[in-house]
Amino acid sequence: MKTKLKEGQKVQGADIICECLIRQGIKCIFGYPGGANIPIYDALYKYPQLKHVLVRHEQGAAHAAEGYAWATGRPGVCFATSGPGATNLVTGLADAMLDSIPIVCITGQVPSPLLGSDAFQEADVLGITLPITKHNYLVTYTEDIAPVMHKAFYLAVTGRPGPVLIDITKDAQVNYADFHYPKFTDYLKNKLKIKATPEEVTQIVNALNSAQKPLIIAGHGLLLSGDGTTLLKVAEKQDIPITLTHLGLSTIPHKHRLFMGMPGMHGHVPANRAPLEADVILAVGMRFHDRVTGKVSAYAPQAKIIHIDIDPSEIGKNVMPDIGVVGDAKAVLNQVLPKLKPKQHSSWLAQFEVWKKEEKEKVFMPELGSHKLKSAQVVAELAEQTDYQATIVADVGQNQMYAARYYPYQKYNTHFTSGGLGTMGFALPAGMGAKLGDPDREVWIVIGDGGIQMTIQELATIVQERLDVKIALLNNNFLGMVRQWQELFYKGNYAETRLKNPDFQLLAAGFGIKSAKVKDLSSARKAIAAARKYKGPYLIEFIVEAEENVFPMIPAGAGIDEMVVSIEDLKTK
């Protein structure tokens, strides 16, 4: 029987926690029980409408909550106990903070009389997580649970999304209080700027209407704002080329004529060359991350920069714009759209075709035409067989860059990865969370042999939940991205990057997961087809070229004008 609390009913704090989750529309929780949060788990028995997923490590719970949030647009939720349980969430919280992912983490804490006494499994969770959460709370009174949870879920999704942590003492969980669910309150009323002022709209419109070589750079903020349709309307009205940052890659279809790739350290040639020639750059929902700009002093010095972001702290933090506008990306674009004059920029767009041809000849053709199995070939084959519609949850390293560069995303919000923090091991639990959030998605986890071993225990969770997720393990027996740097910039000194890996087939079998191992493109095609037909988890280990490199590449500390398109170009410098 499903429990539903009545207004004013006297119940334990643990029941209030569960009831608040239900009223927030939460259906799935990722967690791990312990002494300090056991009352919450005891209460869960009365709330079967709350599905709990038992992860194998609390870091996995946080990343799974992130994947769930990516897939659903709603906050992901995770539980952890005090001490090591809570501290194990830290990496996931930091990851969600940097990538603006809404998650709510509820941790148990030692009884309030023991706070500050170095009690068993006590840690200053508030102090530890203060810099890596949007907000955090310590709740010591049962009557405070409902109002705190109500505010926490509001803050997680309002404005720039992010993680919120609620640390609840064990006595607050077991003590009784009258249940009162707060009415909706706009906690940030008159504090959150959503729209541009008329003066700001005029400034943006005048700049774009007079531009000869305009460029749009859109990021994760635009994806979070709701859709890429408005962006396309703006771009199509004025024939403006679009580049998408790593986290914004699935905002518009990649086969659209105005999409020009991803900027950044391993970005596309057109996307990195264009800022050096553009006269106006419209930057929307992106933060001029160092991996996008390279050396800031060398980034687009000739361009008039318009920066739209909902977070005021991002305006001018890395690159000082000529026009800085605080507001929701979609809302501001909708204000600008009707005032734009229709324009064409055929000669400017023709330049992009020249850059595309250069990249095709120097990078794409050699990679995709290799006689040895390359990660690029695997990802391209995966894209073709899934008709560019699958959700790709990419890990960190070379595999991440291949997933970004060789899968032409056609469907909105289908590329998930760890961007700002660059967390190895992210993809396995995040892919699990994405599938649980939206079971209709075809989810492929693209991961390296180093990254998978950081959270490999979550294979057990995937099996226990009978999740139909597919794992593309790109195995080069190296920590590939670091090895690439060592080869190119450290005289080939492969210090501690060569991996002695386990037998992944035996390992998969031990977890109860069907698997295959392939070493050539023909076998890769067959394995991908077989995995897609199989109902259940499936791991394919692709033995790719050990010393393959991702190009183009902007060396660390260099400007985008110093981009190296291929290894042959590097050798000539």
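Bear in mind the structure is a predicted one, so any value in this text is a computation, not a measurement.

**Re the domain arrangement of the protein**
- Taken domain by domain, the protein holds domain 1 (10-178), domain 2 (198-351) and domain 3 (371-544).
- Here the C-alpha centre of domain 3 lies 31 Å away from the C-alpha centre of domain 2.
- At the junction of the two partners, domain 2 supplies 22 residues and domain 3 supplies 20 residues.
- Of the roughly 1700 Å² buried where domain 2 meets domain 3, counting both sides, 59% is carbon and sulfur surface.
- Ranking the residues of domain 2 by area buried against domain 3 places His-246, Ser-250 and His-266 at the top, with a combined share of 36%.
- Applying the counting criterion to the domain 2 and domain 3 interface returns zero salt bridges.
- Here domain 2 is connected to domain 3 by twelve residue pairs in polar contact (both at pLDDT 80 or more).
- Among the residues forming the side of domain 2 that touches domain 3, the class breakdown is eight nonpolar, ten polar and four charged.

**Some points on the sheet that holds strand E5 (residues 103-109)**
- The six strands lie next to each other as E3-E2-E4-E5-E7-E6, forming an open sheet whose pairing is parallel. Both edges of this open sheet fall to strand E3 (51-54) and strand E6 (135-139), since each of them pairs with a single strand only. Sheet twist, expressed as the mean angle between neighbouring strand axes with direction ignored, is 20°.
- Taken together, the five bridges between E6 and strand E7 (residues 163-169) define a ladder with parallel strand orientation. Each residue of the ladder has a partner; that of Leu-138, found in E7, is Asp-167.

**Section: the packing of aromatic side chains**
- By the definition in use, this model includes 16 aromatic pairs.
- Look at Tyr-41 and Phe-79: their rings are 5.8 Å apart centre to centre, the planes differ by 80°, and that puts the pair in the edge-to-face class. Of this pair, Tyr-41 sits in helix H2 (residues 38-44) while Phe-79 sits in strand E4 (residues 76-80), and the two are 38 residues apart along the sequence. Pair check on accessibility: Tyr-41 and Phe-79 agree, each one buried.
- A connected cluster of aromatic rings, assembled from ring pairs, spans Tyr-154, Phe-184 and Tyr-187.
- For Lys-514, the ring lying beneath its charged end belongs to Tyr-534, and the centroid distance is 5.9 Å.

**Brief notes about the packing of helix H3 (residues 58-72) against helix H18 (residues 427-437)**
- Where H3 contacts H18, the axes come no closer than 6 Å and their chain directions differ by 45°. As summarised for this structure, H3 and H18 are arranged oblique, according to the angle between their axes. As for the relative orientation of H3 and H18, their crossing is right-handed in sense. Here Gly-60, His-63, Ala-64, Gly-67, Tyr-68, Ala-71 and Thr-72 of H3 lie close against H18, whose contacting residues are Pro-429, Ala-430, Met-432, Gly-433, Ala-434, Leu-436 and Gly-437.
- For the contact of H3 with H18, a count of residues per class yields eight nonpolar, six polar and no charged.

**Remarks on the pattern of salt bridges**
- The full count for this structure, using the stated rule, is 22 salt bridges.
- The partner of Lys-330 in a salt bridge is Asp-227, with the nearest N and O atoms 2.9 Å apart. Of the two residues, Lys-330 sits in helix H14 (residues 329-336) while Asp-227 sits in the loop between helix H10 (220-225) and helix H11 (229-238), which places them 103 residues apart along the sequence.
- Using a relative accessible area of 28% as the deciding quantity, one classes Lys-330 as partly exposed.
- With its nearest N and O atoms 2.7 Å apart, the salt bridge here joins Arg-273 to Glu-358. Remark: Glu-358 occurs in helix H15 (residues 346-368) and Arg-273 occurs in helix H12 (residues 269-273); sequence separation between them is 85 residues.
- Put simply, Arg-160, Asp-311, Glu-314 and Lys-317 are held in one network by salt bridges that share partners.

**Details of the side chain of Thr-142**
- You can see Thr-142 is positioned in the loop between E6 and helix H7 (145-157).
- For Thr-142, the side chain forms a polar contact with the main-chain oxygen of Ala-172, separated by 2.9 Å.
- Apart from residues no more than four positions distant in its own chain, Thr-142 is found in contact with Gln-12, Gly-13, Ile-16, Asp-171, Ala-172, Asn-175, Tyr-176 and Ala-177.

**Section: the packing of helix H16 (residues 375-385) against helix H17 (residues 398-406)**
- Axis separation between H16 and H17 bottoms out at 9 Å; the angle between their running directions is 45°. By the angle between their axes, H16 is oblique relative to H17. Note that H16 runs across H17; the crossing there is right-handed. Each of Ser-375, Ala-376, Val-379, Ala-380 and Ala-383 in H16 lies in contact with H17, whose residues at this interface are Tyr-402, Ala-403 and Tyr-406.

**Section: the UniProt feature "domain: Thiamine pyrophosphate enzyme TPP-binding" (unreviewed entry) in the protein**
- Under the feature "domain: Thiamine pyrophosphate enzyme TPP-binding" (unreviewed entry), the UniProt entry names residues 395-542.
- Counted over residues 395-542, helix gives 42% and strand 18%. Its end C-alpha atoms are 15 Å apart.

**Quick look at the pairing of E7**
- The element E7 is extensively covered by neighbouring structure, given that seven of its seven residues are classed as buried.
- Side chains Pro-163, Leu-165, Asp-167 and Thr-169 of E7 all project onto a buried face; the interleaved residues Val-164, Ile-166 and Ile-168 project onto the opposite face, where all are buried too.
- With seven bridges joining them, E5 and E7 adopt parallel strand pairing. Considered in E7, the bridge of Gln-109 is made with Thr-169.
- Handedness of the β-α-β unit built from E6, H7 and E7 comes out right-handed.

**What about the pairing of strand E9 (residues 214-218)?**
- Judged by how many residues are buried, E9 sits mostly within the fold: five of five residues are covered.
- Burial of the side chains of E9 extends over both faces: Pro-214, Ile-216 and Ala-218 are buried on one face and Leu-215 and Ile-217 on the other.
- Pairing between E9 and strand E10 (residues 242-244): three bridges, direction parallel. Pairing of Ala-218 across the sheet is with Leu-244, part of E10.

**Focus on the environment of Ala-14**
- Assignment of secondary structure puts Ala-14 in helix H1 (residues 13-23).
- A C-alpha to C-alpha distance of 11 Å links Ala-14 and Gly-108, two positions 94 residues apart in sequence.
- If near-sequence neighbours (up to four positions away) are discounted, Ala-14 is found in contact with Pro-39, Ile-40, Ala-43 and Gln-173.

What counts, and at which threshold
Residues numbered from 1 in each chain as written. Predicted model: local features only at pLDDT ≥ 70, side-chain atom pairs only at ≥ 80, totals over all residues. Heavy atoms only, no water. Domains from an automatic or database assignment. Contact = heavy atoms within 4.5 Å. Buried area = accessible area lost by both parts, 1.4 Å probe. Salt bridge = Lys/Arg side-chain N within 4 Å of Asp/Glu carboxyl O. Polar contact = N/O pair within 3.5 Å; in protein donor to acceptor, adjacent residues only side chain to side chain. Nonpolar A, V, L, I, M, F, W, Y, C, P; charged D, E, K, R; others polar. Pairing = 2+ DSSP bridges. Helix = DSSP H or I, 4+ residues; strand = E, 2+ residues; numbered from the N terminus. Axes fitted to C-alpha atoms, helices over the stretch in contact; angles between N-to-C directions. Phe/Tyr/Trp six-rings, centres within 6.5 Å; stacked < 30°, edge-to-face > 60°. Buried < 20%, exposed > 50% of the residue type's maximum accessible area, 1.4 Å probe, protein only. Lys NZ or Arg CZ within 6 Å of the ring centre and 35° of its normal. Parallel < 35°, antiparallel > 145°, perpendicular 65-115°, else oblique. Left-handed = near helix turned anticlockwise from the far one by under 90°. UniProt positions renumbered as here; feature names shortened; annotations may be inferred. Right-handed = clockwise from strand over helix to strand, strands pointing away.

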